[in-house]
Amino acid sequence: QEVLKNWDAIKRQEKGQNSVSDTLRQVPTALPALMYAQKLQSRARKGGLSLASIQSPMEEMEQAMQQLGKGEQTEQALGRLLFAAALQAGEQGLSAEEALTYEARRFVEKFEELENIAPAPLSQLSSQEQARLWQETGSTVCKTDQQAEA
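Residues numbered from 1 in each chain as written. Predicted model: local features only at pLDDT ≥ 70, side-chain atom pairs only at ≥ 80, totals over all residues. Heavy atoms only, no water.

1. Looking at the packing of aromatic side chains
Moving on, step 1. Under the counting rule described, the total for this entry stands at 2 aromatic pairs.
Moving on, step 2. Aromatic pair phenylalanine 107 and phenylalanine 111: ring centres 6.1 Å apart, planes at 40°, arrangement tilted. Here phenylalanine 107 pairs with phenylalanine 111, and both are found in helix H7 (residues 96-117), just 4 residues apart, close to one helical turn.
Moving on, step 3. The class for phenylalanine 111 is partly exposed, based on a relative accessible area of 31%.
Moving on, step 4. Between phenylalanine 107 and tryptophan 134, the ring centres sit 5.8 Å apart and the planes meet at 45°, which makes this aromatic pair tilted. Of this pair, phenylalanine 107 sits in helix H7 while tryptophan 134 sits in helix H8 (residues 127-136), and the two are 27 residues apart along the sequence.
Moving on, step 5. Taken together, Phe107, Phe111 and Trp134 form an aromatic cluster joined through their ring pairs. (Phe/Tyr/Trp six-rings, centres within 6.5 Å; stacked < 30°, edge-to-face > 60°. Helix = DSSP H or I, 4+ residues; strand = E, 2+ residues; numbered from the N terminus. Buried < 20%, exposed > 50% of the residue type's maximum accessible area, 1.4 Å probe, protein only.)

2. Side note on a nonpolar patch on the surface
Moving on, step 1. On the surface, Phe107, Val108 and Phe111 cluster together into a nonpolar patch covering about 270 Å² of accessible area.
Moving on, step 2. Residue placement: valine 108 occurs in helix H7. (Patch = residues over 30% accessible without salt bridge, like charges linked within 9 Å, V, L, I, M, F, W, Y side chains within 5 Å. Areas by Shrake-Rupley, 256 points an atom, 1.4 Å probe, with all protein chains shown as cover. Salt bridge = Lys/Arg side-chain N within 4 Å of Asp/Glu carboxyl O.)

3. A few points about the packing of H7 against H8
Moving on, step 1. Where H7 meets H8, the closest approach of the two axes is 9 Å, and the angle between their N-to-C directions is 115°. For H7 against H8, the interelement crossing comes out right-handed. Residue-level contacts link Phe107, Lys110, Phe111, Glu113, Leu114 and Ile117 of H7 to Gln130, Leu133, Trp134 and Glu136 of H8. (Axes fitted to C-alpha atoms, helices over the stretch in contact; angles between N-to-C directions. Left-handed = near helix turned anticlockwise from the far one by under 90°. Contact = heavy atoms within 4.5 Å.)

4. Things to note about H7
Moving on, step 1. Between the first and last C-alpha of H7 there are 31 Å, a value that for 22 residues agrees with the 32 Å anticipated at 1.5 Å per step.
Moving on, step 2. Listed as buried for H7 are Ala96, Glu97, Arg106, Glu109, Lys110 and Leu114. (Expected span 1.5 Å × (residues − 1).)

5. Examining the pattern of salt bridges
Moving on, step 1. Here the structure, examined in full by the defined rule, presents 5 salt bridges.
Moving on, step 2. Across the pair glutamate 91 and arginine 45 runs a salt bridge, and its minimum N-O distance is 3.5 Å. Within this pair, whereas glutamate 91 is found in helix H6 (residues 74-91), its partner arginine 45 is found in helix H3 (residues 33-46), the two being separated by 46 residues in sequence.
Moving on, step 3. Relative accessible area serves as the criterion here: at 35%, arginine 45 is assigned to the partly exposed category.
Moving on, step 4. Linking arginine 80 and glutamate 60 is a salt bridge whose minimum nitrogen-to-oxygen distance equals 2.5 Å. Within this pair, whereas arginine 80 is found in helix H6, its partner glutamate 60 is found in helix H5 (residues 57-70), the two being separated by 20 residues in sequence.
Moving on, step 5. Each of Glu129, Arg132 and Glu136 takes part in one network of salt bridges that share partners.

6. Regarding the packing of H3 against H7
Helix packing geometry: the angle between the two helix axes and the distance between the axes.
Moving on, step 1. Put simply, H3 and H7 touch, their axes get as near as 8 Å, and they point 155° apart. Overall, the two elements H3 and H7 adopt an arrangement that is roughly antiparallel. The two elements H3 and H7 meet at a crossing, and its hand is right-handed. Every residue of H7 that contacts H3 at Ala33, Leu34, Met35 and Gln38 is listed here: Ala96, Glu97 and Leu100. (Parallel < 35°, antiparallel > 145°, perpendicular 65-115°, else oblique.)

Now the structure itself:
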């Protein structure tokens, strides 16, 4: 632990980073947003800030969801929601970027299944019929990832 602290201090000194804020500013903004958020959070954590103890990520997400539900400051509220979700993921040792990519792939597979079982083009079905068919699509695990693991 002490060795890592010293190593980080040496690296910061070599890069001319005199504060944790300097290290935060060095995180590449070109990273995907969730990865960028988790990188910032990780560096802040290494700098001694316990983000989760300031405010629970779950509470932050709940407050942001309430704002979104009311249509208040929607872009800022969505940003807070995503930042808090990335923090919660990091607290659990998960990559928010990988989790969202997985879920996006699962969505594509589920949508494909929906199209295959639909009796007509989706645009011709009522929203109730679409919802019923969506529930019938059972993809809970991303097949693409299962194939990659095999």
